[in-house]
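Analysis of the macromolecular model
Each chain is listed here by its residues.
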Number of protein chains: 4
Amino acid sequence: MTPATRLGQNQYGKAETRVVRVTRDGTTHHVRDLNVSVALSGDMEAVHRSGDNAAVLTTDTTKNTVFALAREHGIASPEDFGLLLARHFVAGQPTIHRARIRIEEYAWERIPTPGEAAHSFVRAGGGTRTAQITFDGRRAEILSGLTGVTVLNTTDSEFHGYLKDRYTTLPETTDRVLATDVTAVWRHAHDGTGAAGAAPDWDAAHAAARAYLLDAFATTYSYSLQQTLFAMGSRVIEELPGVEEIRLSLPNKHHFLVDLEPFGLANEGPDGAVYFAADRPYGLIEATVLRDGAEQRVPVDLTAPWPGGPA
Amino acid sequence: MTPATRLGQNQYGKAETRVVRVTRDGTTHHVRDLNVSVALSGDMEAVHRSGDNAAVLTTDTTKNTVFALAREHGIASPEDFGLLLARHFVAGQPTIHRARIRIEEYAWERIPTPGEAAHSFVRAGGGTRTAQITFDGRRAEILSGLTGVTVLNTTDSEFHGYLKDRYTTLPETTDRVLATDVTAVWRHAHDGTGAAGAAPDWDAAHAAARAYLLDAFATTYSYSLQQTLFAMGSRVIEELPGVEEIRLSLPNKHHFLVDLEPFGLANEGPDGAVYFAADRPYGLIEATVLRDGAEQRVPVDLTAPWPGGPA
Amino acid sequence: MTPATRLGQNQYGKAETRVVRVTRDGTTHHVRDLNVSVALSGDMEAVHRSGDNAAVLTTDTTKNTVFALAREHGIASPEDFGLLLARHFVAGQPTIHRARIRIEEYAWERIPTPGEAAHSFVRAGGGTRTAQITFDGRRAEILSGLTGVTVLNTTDSEFHGYLKDRYTTLPETTDRVLATDVTAVWRHAHDGTGAAGAAPDWDAAHAAARAYLLDAFATTYSYSLQQTLFAMGSRVIEELPGVEEIRLSLPNKHHFLVDLEPFGLANEGPDGAVYFAADRPYGLIEATVLRDGAEQRVPVDLTAPWPGGPA
Amino acid sequence: MTPATRLGQNQYGKAETRVVRVTRDGTTHHVRDLNVSVALSGDMEAVHRSGDNAAVLTTDTTKNTVFALAREHGIASPEDFGLLLARHFVAGQPTIHRARIRIEEYAWERIPTPGEAAHSFVRAGGGTRTAQITFDGRRAEILSGLTGVTVLNTTDSEFHGYLKDRYTTLPETTDRVLATDVTAVWRHAHDGTGAAGAAPDWDAAHAAARAYLLDAFATTYSYSLQQTLFAMGSRVIEELPGVEEIRLSLPNKHHFLVDLEPFGLANEGPDGAVYFAADRPYGLIEATVLRDGAEQRVPVDLTAPWPGGPA
């Protein structure tokens, strides 16, 4: 007899809809540039068992909805737009019980031009802004984040006093380069209802969190990347009362001091040094920092090196 | 007063160590080509709070260990090697309580050559094999998987009978191309102890799972990608008694029938058609299929379109 | 006075149109899966100087043409389809004097299924097939190629006897792993006219060239990657009388023997060894091999590590 | 008889050496972060024919040289460092007749911190700076460039008046979004000798060229991307007397106005609109602009969509 199988967690929707909203305020234009991924869950037993689509809002419709709601309501912020979409899907169809909206936002800076017109832009660096809004019909979970923010300290980093075993060869150091690509996701107390107070100004709150992360990275005299990570996370919790927890994923972008002794050259001194910036392998340091009393809910693997790709 | 912060889940280790093990059996050589990522957890409060590294086995040491154990014990399979590494780290240091090893394996095929020597290879396609072994000192959780297996049916796929709302424009169809990139992860009953019986032959078990997934994709007459997904997952559960659950993540790689009417051309008929293979956005269908009575433990997001990248 | 500027070489068109042609032969289906890039040149002074588009066939039209011609004429091979397109553009508009069509083809293998129906496929590995056809109204230049074919010899490779200067530290070796990603482009004598004889069977010619490249890689006892490259290129010239020249770009995918001495382990012996597969930097060896008397016309930079991306 | 084969153009060297030079000026640190690729040519017949390495400076040595010269001489600019390296290789070995150095530079901005110390950085966006220096023993060819500079105008772009043929369906428009990723390479009159005057301040010259390109993009009322390209190139030639020619490769990053009529929504008006940012296919516009009397020498294909990758 065939063993019985059961349907577990499942979700579906259109991923990576690239929507750009241009707003015109006279000759001054504004741009919001998003990548939106929708994941819906609900009464989906039949479609999995027999291909009966009666409960399915198609992924094509979820894509159309992204464009239409951007037109009808605008994009105030990734968090606002995600909440709008999530509520729309759950309210709109009784078969949809939960909606999760993941958003990336790409920033644009103005190209300075003479005259009053302001409609020219160059894409900014400094990483990508992210947001995830999940709504189950009652309350929302609102996550904000960023990724691809590459930072580097040329000094004020030491590494020693660690465990040694049979396979340890790393020499201790009292001065190294410390560099990482920051990926961070933080969870807000605000849940879309008034229970935890009014919603923050999402754009201002994001800019503040980003600035605190950079400042904590720059001003922490570091004895390990774990310590720097904890300082960065704690700073956000301490400074932003509306943030309950933050998850950080920090690859250690190794900058190895090049051995120039074979060429009769010293490679360290008061004037600096030459480093090799390595690709793989890399240390990967990940941790959650929580406000005392808060629950841990942010996913653990923000940047999983699995699956990856061959050299 | 500064609010108190608490350290939540944390893990660290060297990610993406690219180890290649060549074994020589006379003039016949064998290759195992892995990408290994180590994540350790344990007594890590001090290193986060103050940078005290006394409990830390460095990520550099975890990298060295990958190479050394590959030399000392060989690489029988990704699952065996991951279990060996995970046990080593937990057994070796009292401060390390849990080790998670993620592995990708890249396959090589032999280049046929005259004579007895067999030491030339060409990298095979057909996706990447994956494995994740987690060990907490008592038992192991062993996951096997694959990713990047791109499959396509040119017919035997319909899509209709779905919900329509204000934003639905998709026409129903009784014949479409169905294509996807399979990512799958399945969990074994075997937990590294004898409790659930002997370990399977990991290589044979993986080849069987892959073949069942492809066969179920090819032979399921499909009314939705969800149905195809469930058939693929069920087939593995039904045929492989040692598998408890399987998670599948299937992007719908849309192949849109090109509208050639403006050029006076019919684009469908008994002789075939011309399609546009789209990049983004794409439907993303994800679900877990469980053996009746099994717990759901495989992570839900195998291939998160977040964070991604701009167009 | 403003200095005068002059318009130099220019070309335009739609890049990366992803066209999939399904052909039905009863219940046996066939797939050709291409990525087509069109580049047109001609009377384009006005459009550059003043934006007068009167001579411009739009890139959107070139895309439509790819789909329409795939429907009307089918895709016999990348070379045939490229020639068809190039001739169409030059013959169709007096303002277009030259068309260059670049094509990649992705291969699919059949998934074996019971019964007569044959319409299920899995994408094959083993690299991408390429072609470039340029037509100037009189004759065509036809290039075929491949890229992403990763090969590896576990022995029969030495490296010694090289120049030493102040900055040389590399130890000589009489046994190393030799691995590379083959990118090759070769030029045919056939020019679309009958001047150099009939056109070859393009699919068969491509399969033969690929097989010769792999065989030459596998069977050449190597003292340098340059020597292996020249043997690979010469083999194609020697075996395929219709090929005039071939360009090869071979990154040296370094597999470094891991130093395990600090752990008391020998890492070489009759039973094999453990290697670290490195990403960057890598040696890059590039050369053209010509049939005696042939002109060199294939572009020199097939795979330019410039521009690339940060670590 | 085996047909004779001939060795054509060939070059070799280490590609993508990632060198980071930190300079300390008291507590103010400076960073130059490069990716350097070396390609050498010379007396290489023997190594290709027989694997005789006597004339070969190994790619490993070229990598060591990059690090050592960065330490000994510093990195004043990509152009200066490339010239230093190219001269070193040609002067250092009689078997090396020509050296081509390709460099990418990644920019870092300071993270503002209190106090005097200045050693913290965040990677800047806005694209990558490039340079290529080729030296043949007598004179150098010096190219500067940039890539990955993404720009967008939300208006002041029209497209109409183009050729129509059987396959033309594109509607004309008098208001569209115009966006592109700028890749540009320009050639300097300065050739490393005094013949064309003193070398410019390379950093200042690069910043000026970048600013002119952005300004020309932003202030050109556009009737075609070709016109915008020519305006951008001409501006650089007109403003920078030391530049002889410039090559531009501009993908048309299509932003399609979404059709919202099926939902009863107008998607254009004085308040803006919603666009879909497409990936592939894309228009690709490439041209060289020359100072009157200058020769065209910059390579034609800066960003070849060939080979690429499957969807």
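For the structure, check the block above.
Bear in mind that the values here come from a model prediction, so they are computed numbers and not experimental data. (Residues numbered from 1 in each chain as written. Chains lettered and ligands numbered in written order. Predicted model: local features only at pLDDT ≥ 70, side-chain atom pairs only at ≥ 80, totals over all residues. Heavy atoms only, no water.)

Some thoughts on the interface of chain D and chain C
Across the boundary between the two partners, chain D contributes 101 residues, which contact 101 residues of chain C. For the chain D and chain C pair, buried surface summed over both sides reaches about 8,700 Å², with 54% attributable to carbon and sulfur atoms. For the interface between chain D and chain C, the tally reads eight salt bridges. Between glutamate 72 of chain C and arginine 166 of chain D there is a salt bridge, and its shortest N-O distance comes to 3.4 Å. Here chain D and chain C share 53 residue pairs in polar contact (both at pLDDT 80 or more) between them. The greatest single-element share of the side of chain D that touches chain C, amounting to 11 residues, is contributed by strand S1 (residues 5–15) of chain D. Class assignment for the residues of the side of chain D that touches chain C results in 40 nonpolar, 40 polar and 21 charged. Pairing between strand S13 (residues 282–291) of chain C and S1 of chain D: nine bridges, direction antiparallel. (Contact = heavy atoms within 4.5 Å. Buried area = accessible area lost by both parts, 1.4 Å probe. Salt bridge = Lys/Arg side-chain N within 4 Å of Asp/Glu carboxyl O. Polar contact = N/O pair within 3.5 Å; in protein donor to acceptor, adjacent residues only side chain to side chain. Helix = DSSP H or I, 4+ residues; strand = E, 2+ residues; numbered from the N terminus. Nonpolar A, V, L, I, M, F, W, Y, C, P; charged D, E, K, R; others polar. Pairing = 2+ DSSP bridges.)

Notes on the relation of the copies chain B and chain A
Between chain B and chain A, which share one sequence, the superposing operator has a rotation angle of 180 degrees and an axial displacement of 0.0 Å; the RMSD is 0.0 Å. Seen this way, the second copy is the image of the first under a two-fold rotation axis. Looking at chain B, 100% of its interface residues are interface residues in chain A too, so the copies touch through the same face. (Least-squares fit on C-alpha atoms with pLDDT ≥ 70 in both.)

Considering the packing of helix H4 (residues 202–219) of chain A against helix H5 (residues 225–239) of chain A
All names here are of chain A. Where H4 contacts H5, the axes come no closer than 8 Å and their chain directions differ by 140 degrees. When the axis of H4 is compared with that of H5, the two are oblique. Here the hand of the crossing between H4 and H5 comes out right-handed. Seen from H4, the contacting residues are Ala209, Tyr212, Leu213, Asp215, Ala216, Phe217 and Thr219; seen from H5, they are Thr228, Ala231, Met232, Arg235, Val236 and Glu239. For the contact of H4 with H5, the per-class residue count stands at eight nonpolar, two polar and three charged. (Axes fitted to C-alpha atoms, helices over the stretch in contact; angles between N-to-C directions. Parallel < 35°, antiparallel > 145°, perpendicular 65-115°, else oblique. Left-handed = near helix turned anticlockwise from the far one by under 90°.)

Comments concerning the pairing of S13 of chain C
Residues and elements named next belong to chain C. The buried fraction of S13 is high, at 10 of 10 residues. Burial along S13 is two-sided: the residues Tyr282, Leu284, Glu286, Thr288 and Leu290 and Gly283, Ile285, Ala287, Val289 and Arg291 are all buried. As paired elements, strand S10 (residues 243–252) and S13 share eight bridges and run antiparallel to each other. If you follow leucine 248 over to S13, its bridge partner there is alanine 287. (Buried < 20%, exposed > 50% of the residue type's maximum accessible area, 1.4 Å probe, protein only.)

A look at the nonpolar core
Residues Val36, Phe81 and Phe89 of chain A together with Val182, Leu213, Ile246 and Leu248 of chain B are the most contacted members of the largest nonpolar core, which totals 72 residues. Not counting residues within four places of it along the chain, the set of residues in contact with valine 36 of chain A comprises Lys14, Ala15, Glu16, Thr17, Val19, Val66, Phe81, Leu85, Ile101, Arg102 and Ile103 of chain A. (Core = buried A, V, L, I, M, F, W, Y, C linked by side-chain atoms within 4.5 Å.)

Considerations on the relation of the copies chain D and chain C
Superposition record for chain D on chain C: RMSD 0.0 Å, screw rotation 180 degrees, translation along axis 0.0 Å. A shared interface surface links the copies, since 100% of the contact residues of chain D are contact residues in chain C too.

Considerations on the side chain of threonine 5 of chain B
Here threonine 5 of chain B is to be found in strand S1 (residues 5–15). Accessibility expressed as a relative area gives 11% for threonine 5 of chain B, which makes it buried. Among the polar contacts made by the side chain of threonine 5 of chain B, one reaches the side chain of serine 234 of chain A at a distance of 3.3 Å. With residues up to four places along the chain from it excluded, the contact list for threonine 5 of chain B reads Phe230, Ser234, Ile237, Glu238, Val289, Leu290 and Asp292 of chain A together with Arg49 of chain B.

Some points on the pairing of strand S9 (residues 178–188) of chain C
Residue and element names in this part refer to chain C. Burial analysis of S9 places 10 of its 11 residues in the buried class, which makes it a mostly covered element. Taken together, the seven bridges between S9 and S10 define a ladder with antiparallel strand orientation. Bridging from a neighbouring strand, threonine 180 pairs with asparagine 252 of S10.

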